[in-house]
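Fold and contact review
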Amino acid sequence: MNILSAVNITKTFGDKVLFDDISFTVNEKQRIGLIGVNGTGKSTLLKLLAGLETADRGKLVHANHFRVEYLPQNPEFDPNSTVLEQVFHGDTPLMKTLRDYELALAELELDASSEKKQSRLFAAQSRMDEQGAWEASTLAKTVLMKLGISQFDKPVGQLSGGQRKRVAMARVLIQPADLLILDEPTNHIDNETAIWLEEFLGKWRGALLLVTHDRYFLERVTNRMLELDRGKIYSYEGNYEAFLEKKAERMESEASSEDKRQNLLRRELAWLRRGAKARTTKQKARIQRAEDLRDHKVDGPGEKMDMALAGSRLGKKVMELEAITKAFESGKPLLSSFSYIVMPRDRLGIIGPNGSGKSTLLNMLAGRIQPDSGTIETGTTVKLAYYTQENVEMDEKMRVIEYIKEAAELIRTSDGETISASQMLERFLFSPTLQWSPIGKLSGGERRRLYLLRTLMGEPNVLLLDEPTNDLDIQTLTILEDYLDQFPGAVITVSHDRYFLDRTVSHLFAFDGNGRIEPYIGNYSDYLEEKREEEEAEQARKEMIRNASTAKSAPSTATSSAAAGNASSSSRPKKLSFKEQKEWDEIENTIASLEDKAASLKKQIESAGSDFDRVRDLYEQEQQTAADLEAAMERWTYLSELVEEIERK
């Protein structure tokens, strides 16, 4: 069923037409991805659908009680408001009840003996019961936990940009809505959170419309695509893969139409040139038709960005890191004795949770901050370019052309050609008119594209990229990926974009958030698959220990089973089952781990002295560990006999 219709919408920004008489509908439970080059008006269209912008012409049609929740790219908050006030934002009875309950709960935790606060919590719980709000509360808690939000009393003004984005996301995800609109939801969140968000949106009951550069996210979440292209909108049924196939067909069709128009125009002009000079009525009609063909341009494929910039020669020595250590002011380690030699053709990806030290490492490589200990040596031929998360070098009052000319008037391309700053800007899709606009009037994506040009035009041979996919459109990312394929130097990337990492890196450094860095050879999808297998193996090990403990607690059953197995060896299988083989492969490591744990607990008990509570807790742990060890040993005995029997057969 149709829940929202955009009818003949037109919107301009200055002299630029963003939408030209576009129409489309949104149906129940549709998951729509919105695609388009930066500056085409994607964010403006989302704001318009959310009721935050108005169209120059056209209208939106929807039901009277239609409800929209909207996540902007850069959420704005009252800096003095608390996280609690923002997460449970709104004046609906449900939100007020949830807000009152969470506030009463937080206050009672600070003063559990207060009867007044106990009464307030009881009253809040009663209202939760009356409104059936517990399901909504459970959903909210799940969302908040997955997004890492726990300090409800903290002022929003004290949060980082990434934390504010998470608070804003939590706010829209826990609100009931007919249409959920998300503008770049994967910006500023780590890979694990992005994967969770995919799963969460897969269960979303309402309709969904989103803009994202994360192509895996689009592939897995959407079932329809809308494309903004030169003021028009095109609809494609299916996910991102289907969009690519159908867009290729559309572009071929448009190119064919343009070829036909050109051929017809050439024939008309040729006829006019060799035809009679007399101004007959028929001749005038042919002239008019030729002029119409000339003036009416059929839309063909849009302009394509050209990133063919030159690079510099790079010697054998790039960067050598020796025992690098860095910690927060609080003393929490970010990097602990990290060493690595960067090679000339390295493609390194840096992953890990937010705040684990990824950007700090790039800043040390760029010489912007120094390690607490250790050394970083840089080769003499290194020409470094650093693309940061923040466009810190940009003066919003400066014109686009002035910003580029400040770096260079002439720019060398990869084929040896020298072109002007204005020509290079056109290759990066900045029209002559846009080149004389102040930077402050550019969209967020256009600023990032301009900053990317400025970063690459210095002919670098080592690239440091900190979240390069944030705010860049998919077309630009695709061209950047191709550029990095051909880049002759080293590339070190911090990114949460799984598709981009798979396309551009062959070696990962995974930060664990406690100063340790795990190296991994391969791309990000390979890394995730290996981690998943490790988690499954660990889960199987724990299940094996539980099963062994259960068997120990029922010795008569276990003994009779073993006796039955010994009495009739012919009934034993010819090979181990999959579960038994996995258990057999892991059991010796499990036993060794339990022995180490038992020895460690014994030492801790000896050193605990007269601390009775600590000794008691440690003793209980030691007893449990001993029971687990004995059960594991019994299981090993049984499996080893089974293996020997199978080998004899």
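Residues numbered from 1 in each chain as written. Predicted model: local features only at pLDDT ≥ 70, side-chain atom pairs only at ≥ 80, totals over all residues. Heavy atoms only, no water.

Moving on, we get to the sheet that holds strand β17 (residues 462-466). Pairing in this open sheet of six strands is mixed, and the strands run β14-β17-β18-β12-β19-β20 from one edge to the other. The open sheet has two free edges, formed respectively by β14 (384-387) and β20 (517-521), since each of these has just one partner strand. Put simply, the sheet's adjacent strands are angled 15 degrees from each other on average, direction ignored. In this structure, strand β12 (residues 347-351) lies alongside strand β18 (residues 490-494), joined through four bridges in parallel fashion. Bridged to Gly 349 within β18 is Thr 493. This element, helix α15 (residues 444-456), spans β14 and β17 of the sheet and lies at about 170 degrees to β14. Sheet strands in contact with helix α16 (residues 474-486) are β12, β17 and β18, and its direction is about 150 degrees off that of β17. (Pairing = 2+ DSSP bridges. Helix = DSSP H or I, 4+ residues; strand = E, 2+ residues; numbered from the N terminus. Axes fitted to C-alpha atoms, helices over the stretch in contact; angles between N-to-C directions. Contact = heavy atoms within 4.5 Å.)

Attention now goes to the nonpolar core. Core analysis: the biggest nonpolar cluster contains 53 residues, and Phe 88, Leu 173 and Leu 201 have the highest contact counts within it. If you tally residues by element for this core, the top one is helix α6 (residues 161-173), at six residues. Apart from the residues within four sequence positions on either side, Phe 88 is in contact with Met 95, Leu 98, Arg 99, Glu 102, Ala 140, Leu 144, Phe 152 and Ile 174. In this structure, Leu 309, Met 394, Ile 411 and Leu 480 belong to the second largest nonpolar core, which totals 41 residues. (Core = buried A, V, L, I, M, F, W, Y, C linked by side-chain atoms within 4.5 Å. Buried < 20%, exposed > 50% of the residue type's maximum accessible area, 1.4 Å probe, protein only.)

To continue, consider the packing of helix α5 (residues 134-146) against helix α7 (residues 191-202). Between α5 and α7, the shortest axis-to-axis distance is 10 Å and the interhelical angle comes to 155 degrees. It follows that α5 is roughly antiparallel to α7 by the angle criterion. Judged by residue contacts, Leu 139, Val 143 and Lys 146 of α5 engage Thr 193, Trp 196 and Phe 200 from α7. Residues belonging to the contact of α5 with α7 are distributed by class as follows: four nonpolar, one polar and one charged. (Parallel < 35°, antiparallel > 145°, perpendicular 65-115°, else oblique. Nonpolar A, V, L, I, M, F, W, Y, C, P; charged D, E, K, R; others polar.)

Our next topic: helix α3 (residues 93-110). The terminal C-alpha atoms of α3, which comprises 18 residues, lie 26 Å apart, in line with the 26 Å expected from a rise of 1.5 Å per residue. Here α3 has its buried residues at Met 95, Thr 97, Leu 98, Tyr 101, Glu 102, Ala 104 and Leu 108. (Expected span 1.5 Å × (residues − 1).)

Its location among the elements puts Val 505 in the loop between α17 (498-504) and β19 (507-511). Residue classification places Val 505 among the buried positions, given a relative accessible area of 8%. Residues Val 505 and Asn 523, 18 residues apart in the sequence, show an inter-C-alpha distance of 6.1 Å. Sequence-distant contacts of Val 505, defined by excluding residues within four places in its chain, comprise Arg 347, Leu 348, Gly 349 and Asn 523.

Let's shift gears to empty space enclosed by the protein. Tallied over the entire structure, the rule returns three cavities of 30 Å³ or more. There is about 60 Å³ of room inside the largest cavity. Forming the walls of the largest cavity are Leu 321, Phe 338, Tyr 340, Val 342, Leu 348, Ile 350, Leu 361, Leu 365, Ile 492 and Phe 509. Element by element, the count of residues in the lining of the largest cavity is highest for strand β11 (residues 333-342), at three residues. Partitioning the lining of the largest cavity into residue classes produces 10 nonpolar, no polar and no charged. (1 Å grid on protein atoms, 1.4 Å probe; cavity = no way out; pocket = protein on both sides within 12 Å on 5 of 7 lines; lining within 4 Å. Points joined across faces, edges and corners; volume = space filled by probe spheres on them.)

Below, the discussion takes up the packing of aromatic side chains. One pass over the full model with this rule turns up 12 aromatic pairs. Taking the centre distance of 5.2 Å and the plane angle of 85 degrees together, the rings of Phe 338 and Phe 509 count as edge-to-face. Here the residue Phe 338 occupies a position in strand β11, and Phe 509 occupies one in strand β19, the gap between them amounting to 171 residues. Residues Phe 338 and Phe 509 agree in their burial class; the two are buried. Aromatic rings pair up to connect Tyr 236, Tyr 240 and Phe 243 into one cluster. Its guanidinium or amino end placed over the ring of Tyr 216, Arg 220 lies 4.8 Å from that ring's centre, counting from NZ or CZ. For Arg 454, the ring lying beneath its charged end belongs to Tyr 403, and the centroid distance is 4.6 Å. (Phe/Tyr/Trp six-rings, centres within 6.5 Å; stacked < 30°, edge-to-face > 60°. Lys NZ or Arg CZ within 6 Å of the ring centre and 35° of its normal.)

In short, geometric facts, not functional conclusions.
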